[in-house]
Amino acid sequence: FSQLFPKLRSKLGLIHTVRFQVIKECRYYETTSNKWSPTGCTTRVTEDGSVECECDHMTSFAVIMTLTNKSSVAEDGVSRTLLGLSLLCLLLAVAAILPNKAILSMFPNWIHLMLMLSLIPSIICFLLIDIVADTEGNPSTSCSTIAFLLNYFWLCQLNWMVLEAVTLYKAVVQVFNTHISAAKLKYCIIGWGLPLVFPILGFVWGDEQFVNPETCFVRKSFGLVTFYAPMAFGIMINWILFFFIIRAVFKATTARAEQTEMTKVKMRVRQLRSALFVTTLLGLGWIVGFFLLVDSTDSDLSQIIRWTFILVNTPQGVFIFIFYVLLKEDVKTFWVHVYNLVVRESIAWSFDRLQSDERDNKNQPADETEQTAENEC
């Protein structure tokens, strides 16, 4: 084969060599746990690739080399960067909405705020995984806590996305008879209370086996019940409601275009914008993650699925900030009004201060004024 296809063999060899990188780490053999531990050892890799180990104890140590998938390193870096940006945008969005009581008095905007408040802690917990996870597989309280919170907050944000879909459906499709008595209380029970049942059930059911210490998330055998099944159910509801909502929005946009002689291009742009708005709120891209349960290998298809999941879902906070803060007229109007008030108050304060200084100068005696001028000189 290598003689018939030498160029193909070299290309395949190139692909194989760049896909993995070698991680070198100094460790010592811990006799109590019968494992190689990095505690007390510092690894220094020189420019020529050699490794120097500096350990603060006299034990049997060695350089442990691990093959790591380069694509997974890139995926981790991109996902954490986008999640950090999403976290920043969500904090800005909450800060932009909270001071405006008129905006929060509108029920849909209140649901937007609840969705943001569920996204923020889930991102923080995910970013903390590298700190608390143990590559040796040793369980810890901090890792179990992160796993519990991740399971809870991810289900919270799913429930709030479902409630977003229900609210949009009632406003766009149902239109009439949409009032729900004590709606905020009922929505909070569904959005914050119901998701708590699943991680509690998992910890009671699986005890220490519920959490994988290497990933600080639930093991797949338990997660099928406590996480993946409710996620699949919620995503299915969102997709069904999405089709009804988009169909109603497209019909309304088409009718308005016929009445106002709107061009087809402008009409399609509005329809696309509406679809993006709805997709951002409902988190429809989460469905991509279920394909990873089917193909968890390192195949090219699996890499495409992982990158799609990362690029669609991790910037959700950025999309929310753009669509529901930067492009929201009532939010922009509120902050423009606040800015104008601040500028006006600042100018008024400066003018009053200037007048006060002028009055003080007029009332000041002549000799005292001359002495003050000399001192200032």
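Residues numbered from 1 in each chain as written. Predicted model: local features only at pLDDT ≥ 70, side-chain atom pairs only at ≥ 80, totals over all residues. Heavy atoms only, no water.

### A short note on the pattern of salt bridges
The final tally for this structure, using the stated rule, is 6 salt bridges. Ionic pairing is found between Arg80 and Asp76, a salt bridge with its closest N-O pair at 3.1 Å. With Arg80 and Asp76 both in helix α2 (residues 70-97) and 4 residues apart, the pair spans about one turn of that helix. Given the relative accessible area of 18%, Arg80 is considered buried. Residues joined by salt bridges that share partners form a network here, namely Asp76, Arg80 and Asp130. (Salt bridge = Lys/Arg side-chain N within 4 Å of Asp/Glu carboxyl O. Helix = DSSP H or I, 4+ residues; strand = E, 2+ residues; numbered from the N terminus. Buried < 20%, exposed > 50% of the residue type's maximum accessible area, 1.4 Å probe, protein only.)

### Thoughts on the pairing of strand β3 (residues 41-45)
Every other side chain in a regular strand lies on the same face of the sheet, so the side chains alternate between the two faces. Pairing of β3 with strand β4 (residues 51-55) involves 5 bridges; the strand directions are antiparallel. Looking at the pairing, Val45 lines up with Val51 of β4. Here β3 folds back onto β4 in antiparallel fashion, the turn holding 5 residues, of which Gly49 has a positive phi close to 95°. (Pairing = 2+ DSSP bridges.)

### Comments concerning the state of the cysteines
Where two cysteines share a covalent bond between their sulfur atoms, that bond is called a disulfide. Overall, the coordinates contain 3 disulfides when judged by the stated rule. Across the disulfide from Cys41 sits Cys55; the S-S distance is 2.2 Å. A torsion of 110° about the S-S bond marks the disulfide between Cys41 and Cys55 as right-handed. Here Cys41 is found in strand β3, whereas its partner Cys55 is found in strand β4, with 14 residues between them in sequence. Shown here is the disulfide that connects Cys143 with Cys216, its sulfur atoms set 2.2 Å apart. Its torsion about the S-S bond being -130°, the disulfide of Cys143 and Cys216 is classed as left-handed. Remark: Cys216 occurs in the loop between β6 (211-212) and β7 (217-218) and Cys143 occurs in helix α6 (residues 141-174); sequence separation between them is 73 residues. Residue classification places Cys143 among the buried residues on the basis of a relative accessible area of 1%. The connectivity of the disulfides in the protein is 1-3, 2-4, 5-6, where the numbers refer to bonded cysteines in sequence order. (Disulfide = S-S within 2.5 Å.)

### Considerations on the side chain of Asn109
Relative to the assigned elements, Asn109 resides in helix α4 (residues 107-127). Excluding residues that lie within four positions of it along the chain, Asn109 makes contacts with Ile103, Lys328 and Asp330. (Contact = heavy atoms within 4.5 Å.)

### Let's talk about the packing of α4 against α6
The N-to-C vectors of α4 and α6 enclose an angle of 160°; their axes lie 9 Å apart at closest approach. Between α4 and α6, the crossing angle belongs to the class labelled roughly antiparallel. Both α4 and α6 take part in a crossing whose hand is left-handed. Within the contact between the two elements, α4 uses Phe107, Trp110, Ile111, His112, Met114, Leu115, Ser118, Leu119, Pro121, Ser122, Cys125 and Phe126 and α6 uses Ile146, Leu149, Leu150, Phe153, Trp154, Cys156, Gln157, Trp160, Met161, Leu163, Glu164 and Thr167. (Axes fitted to C-alpha atoms, helices over the stretch in contact; angles between N-to-C directions. Parallel < 35°, antiparallel > 145°, perpendicular 65-115°, else oblique. Left-handed = near helix turned anticlockwise from the far one by under 90°.)

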